[in-house]
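# Summary of structural features
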Amino acid sequence: MESQMSKILDADAPIATIFGGSGFIGRYVVRRLVNKGWRVRVAVRYPNQALHLKTYGEVGQVELLSCSIFNRDSVVSSISGATAVINTVAGFLNETSRKRLAEYYINGPEIIAKACENSGIKNLIHISSIGADNKAESLYSRYKAKGEEKVLEWFPNAVIFRLSLVFGNEDRFFNRYAAMSSYSIILPIIGQNTRFQPVYVDDVAKAVEKVLTEKKVKGVFEIGGPEILTHRENIEKMLNVIRRKRVLLTLPFKLAIFMGSMFGYIKILSFGLLKPPFTVDNVKQLKVDNVVDKRSKGLENLNIKPTTLDSIIPSYLYAYRPYGQYNEVTEVSKKMNKKSP
């Protein structure tokens, strides 16, 4: 059996530059490409916060680069000599600044696409969101659509993945609500009937892998999981997993928009120190279903069977149960004590 020390990194292995590679989606992409023998460059603003990614591969297989997608020179330097480029930069959903939203969702993607075209990159994958639409009420959705246009303008053969709600060990949705349920008996819901199609983060990474290993894959894909659930149903499923009963309080859209406006003012008055739990634009997003258009290409076109919520979320939400990892043992013990005379 070949020892770890005797393994030599293939100098001719293809190179992928992943912008935002230390983020939720990015780190799964890194892991999959490393396992396929790729050399991976992780382009992030703070490389020291991504050191753990080096352990994903052999010595030298994962390289960390300091890069801002808003700086043309650093982007060009990061993709030099690469075979493929993947933009997984997500930005911030609760951002209130139009300028910052434009930077993350329009200007940054355009800089990357233009640099890829000028550098002769073979493959470019851009991560976007379901609901990207120039006519959307939400500024986030309009900017996402504009970013897609800029990418395709400079790199017509780019592959765009529009994602629904993404779940996994480090997700912001289920972990956030589970954490809230640990200290509050009331969980507020905005848009309780809005539908989502949760997709497992590693299925997204697998889709990226497929695009880079199979020929002639291009176009826009809408990526969702096997189930369509309302906002309320997702939270109820989470509560069932963590063994907690909570009151679900529905917030009407008009009230939520008013609250979002107040949170925005508080952020301004605190000079940005207090981050809003949600914004007016978040509320506008929640007015629209976040599900795959049946006419679009999806995971089935990449021969990927989507993973169910029930097979994954118990593996990381167990920590939010009343007794954490010992919850099952505790429940069995209580039942036995009740039966004993």
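Structure: above.
Summary of the structure given here. For clarity, every value in this text was computed on a predicted model and none was experimentally measured. Just so you know, the residues in each chain are numbered from 1, in the order the chain's sequence is written. In view of the model being predicted, local features appear only for residues whose pLDDT reaches at least 70, and side-chain atom pairs are presented and counted only at 80 or more, with totals across whole chains, interfaces and linings using the full set of residues. Here the side-chain values reflect all heavy atoms present in the structure, with hydrogen atoms and water set aside.

### A word on the overall build of the protein chain
- Strands are runs of DSSP state E lasting at least two residues, helices are runs of H or I lasting at least four, and both sets are numbered from the N terminus onward. A count of helical and extended segments in the protein chain gives eleven helices and 13 strands.
- All radius of gyration figures rest on C-alpha atoms, and the globule criterion is 2.2 Å times the number of residues raised to 0.38. Over its C-alpha atoms the protein chain spans a radius of gyration of 22 Å, differing by no more than 12% from the 20 Å that the globule rule assigns to 341 residues.
- Here the C-alpha coordinates of the protein chain stretch approximately 70 × 55 × 45 Å along the principal axes.
- Using a 1.4 Å probe on the protein chains alone, a residue whose accessible area is under 20% of its type maximum counts as buried, one over 50% counts as exposed, and one in between counts as partly exposed. Of all 341 residues assigned to the protein chain, the portion counted as buried reaches 49%.
- Computed with a 1.4 Å probe, the accessible areas rest on the Shrake-Rupley method; for each residue, only the protein chains presented here act as cover. For the protein chain, the accessible surface area stands at approximately 17900 Å², while carbon and sulfur atoms represent 54% of it.
- Taking the 49 positively charged and 32 negatively charged side chains of the protein chain as two groups, their mean positions are separated by 5 Å. Charge assignment: positive for Lys and Arg, negative for Asp and Glu; neither His nor the chain ends contribute. Where a charge sits is defined by one atom per residue type, namely NZ (Lys), CZ (Arg), CG (Asp) or CD (Glu).

### Some details on the side chain of Ser 181
- With respect to the element layout, Ser 181 can be found in helix 5 (residues 174-183).
- Here Ser 181 falls in the buried class, since its relative accessible area comes to 0%.
- Apart from the residues within four sequence positions on either side, Ser 181 is in contact with Leu 187, Leu 239, Ile 242, Arg 244 and Arg 246. Throughout, a residue-residue contact means that at least one pair of heavy atoms, one from each residue, lies within 4.5 Å.

### Some details on the packing of helix 1 (residues 24-35) against helix 6 (residues 201-213)
- With their axes 8 Å apart at the nearest point, helix 1 and helix 6 run at an angle of 50° to one another. For the element pair helix 1 / helix 6, the angle class is oblique. Judged by the sense of rotation from one axis to the other, the crossing of helix 1 with helix 6 is right-handed. Mapping the contact onto sequence places Phe 24, Ile 25, Tyr 28, Val 29, Arg 32 and Leu 33 in helix 1 and Val 201, Asp 202, Val 204, Ala 205, Lys 206, Val 208, Glu 209 and Leu 212 in helix 6.
- Each residue is assigned to one class: nonpolar for Ala, Val, Leu, Ile, Met, Phe, Trp, Tyr, Cys and Pro, charged for Asp, Glu, Lys and Arg, and polar for all the others, Gly among them. Residue classes in the contact of helix 1 with helix 6 are distributed as ten nonpolar, no polar and four charged. Convention adopted: a line fitted to C-alpha atoms gives each axis, helices being fitted over their contacting stretch, and angles between N-to-C directions are expressed from 0 to 180 degrees. Note on angle classes: values under 35 degrees are labelled roughly parallel, values over 145 roughly antiparallel, values of 65 to 115 roughly perpendicular, and the remainder oblique. Two helices crossing with the near one rotated counterclockwise from the far one by less than a right angle form a left-handed crossing, whereas a clockwise rotation gives a right-handed crossing.

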